[in-house]
Amino acid sequence: MSTFSGDEAAPFFGFLGAAAALVFSCMGAAYGTAKSGVGVASMGVMRPELVMKSIVPVVMAGVLGIYGLIIAVIISTGINPKAKSYYLFDGYAHLSSGLACGLAGLSAGMAIGIVGDAGVRANAQQPKLFVGMILILIFAEALALYGLIVGIILSSRAGQSRAE
């Protein structure tokens, strides 16, 4: 008769972390792309010559999904219970890694979308605002980068729970 230690459920939490990283980051990327894309389309009606210059927020929002993909791949390659024991500590480390990256990507996407929408519309009326808009977008993107870094650090903690 085997006893249930809880570690049998550990891969569930690991895979949940991989899914959370990808889903939340892509939600942020989608929101940022849609919101700033509406601003680009609206601005492009009056100033079509500025459309290519105003695509920057859309590109920056798209990068957020890549951050989630990176963490999801790192997490999923670290889950192989047949090759190496995978404990609850490892599952929780991967879950927290995915949530850190995913939720940071979601919040950054919301910020990029709002700033991108307002920024490209304002840039159409006053071109001197372009540099300020880009700086704000960079700081918003940095939020997702922080989540990626913390996610990598947390994911690297998996496998350090017990000496084998």
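This one's a predicted model, so the numbers in the text were calculated from it and none came from an experiment.

Parameters at a glance
- Residues numbered from 1 in each chain as written.
- Predicted model: local features only at pLDDT ≥ 70, side-chain atom pairs only at ≥ 80, totals over all residues.
- Heavy atoms only, no water.
- Helix = DSSP H or I, 4+ residues; strand = E, 2+ residues; numbered from the N terminus.
- Buried < 20%, exposed > 50% of the residue type's maximum accessible area, 1.4 Å probe, protein only.
- Contact = heavy atoms within 4.5 Å.
- Phe/Tyr/Trp six-rings, centres within 6.5 Å; stacked < 30°, edge-to-face > 60°.
- Core = buried A, V, L, I, M, F, W, Y, C linked by side-chain atoms within 4.5 Å.
- Expected span 1.5 Å × (residues − 1).
- UniProt positions renumbered as here; feature names shortened; annotations may be inferred.
- Patch = residues over 30% accessible without salt bridge, like charges linked within 9 Å, V, L, I, M, F, W, Y side chains within 5 Å.
- Areas by Shrake-Rupley, 256 points an atom, 1.4 Å probe, with all protein chains shown as cover.
- Salt bridge = Lys/Arg side-chain N within 4 Å of Asp/Glu carboxyl O.

Draft legend 1. Representation of the environment of Ala144 within the structure. Structurally, Ala144 is set in helix 4 (residues 130–157). By relative accessible area, Ala144 is classed as buried at 1%. As a C-alpha pair, Ala144 and Val59 span 85 residues in sequence and 14 Å in three-dimensional space. Setting aside chain neighbours within four positions, we find Ala144 in contact with Leu64, Tyr67, Ala104, Gly105 and Ala108.

Draft legend 2. Representation of the packing of aromatic side chains in the model. Scanning the entire structure with this criterion turns up 2 aromatic pairs. Considering the side-chain rings of Phe12 and Phe13, the 5.3 Å spacing of their centres and the 75 degrees angle between planes classify their relative orientation as edge-to-face. On the basis of an interplanar angle of 55 degrees and a centroid distance of 5.0 Å, the ring pair of Phe13 and Tyr92 is categorised as tilted. Of the two residues, Phe13 is situated in helix 1 (residues 10–46) and Tyr92 in helix 3 (residues 88–125); the sequence distance between them amounts to 79 residues.

Draft legend 3. Structural context of the nonpolar core. Membership of the largest hydrophobic core comes to 25 residues, with the highest contact counts inside it found for Leu64, Tyr67, Ile71, Ile112, Met133 and Leu137. With sequence-adjacent residues up to four places away left out, Met133 is seen in contact with Val115, Gly119 and Val120.

Draft legend 4. Local environment of helix 4. Over its 28 residues, helix 4 extends 41 Å from the first C-alpha to the last, a length consistent with the 40 Å expected when each residue adds 1.5 Å. Residues Phe130, Met133, Ile134, Leu137, Ala140, Glu141, Ala142, Ala144, Gly147, Leu148, Gly151 and Ser155 constitute the buried set of helix 4. Looking at the packing, one finds that the buried side of helix 4 touches helix 2 (56–77) and helix 3. At the exit of helix 4 stands Gly159, carrying a positive phi of roughly 95 degrees.

Draft legend 5. Quick peek at the UniProt feature "transmembrane region" (unreviewed entry) in the protein chain. In this numbering, the UniProt entry assigns the feature "transmembrane region" (unreviewed entry) to residues 12–34, 55–75, 95–117 and 129–154. Helix makes up 100% of residues 12–34 and strand 0%, with an end-to-end C-alpha separation of 32 Å. The span residues 95–117 is 100% helix and 0% strand, and its two end C-alpha atoms sit 33 Å from each other.

Draft legend 6. Expanded view of a nonpolar patch on the surface. A contiguous nonpolar patch, built from Leu143, Leu145, Tyr146, Ile149 and Ile153 and spanning about 470 Å² of accessible area, is present on the exposed surface. In this structure, Ile149 sits in helix 4.

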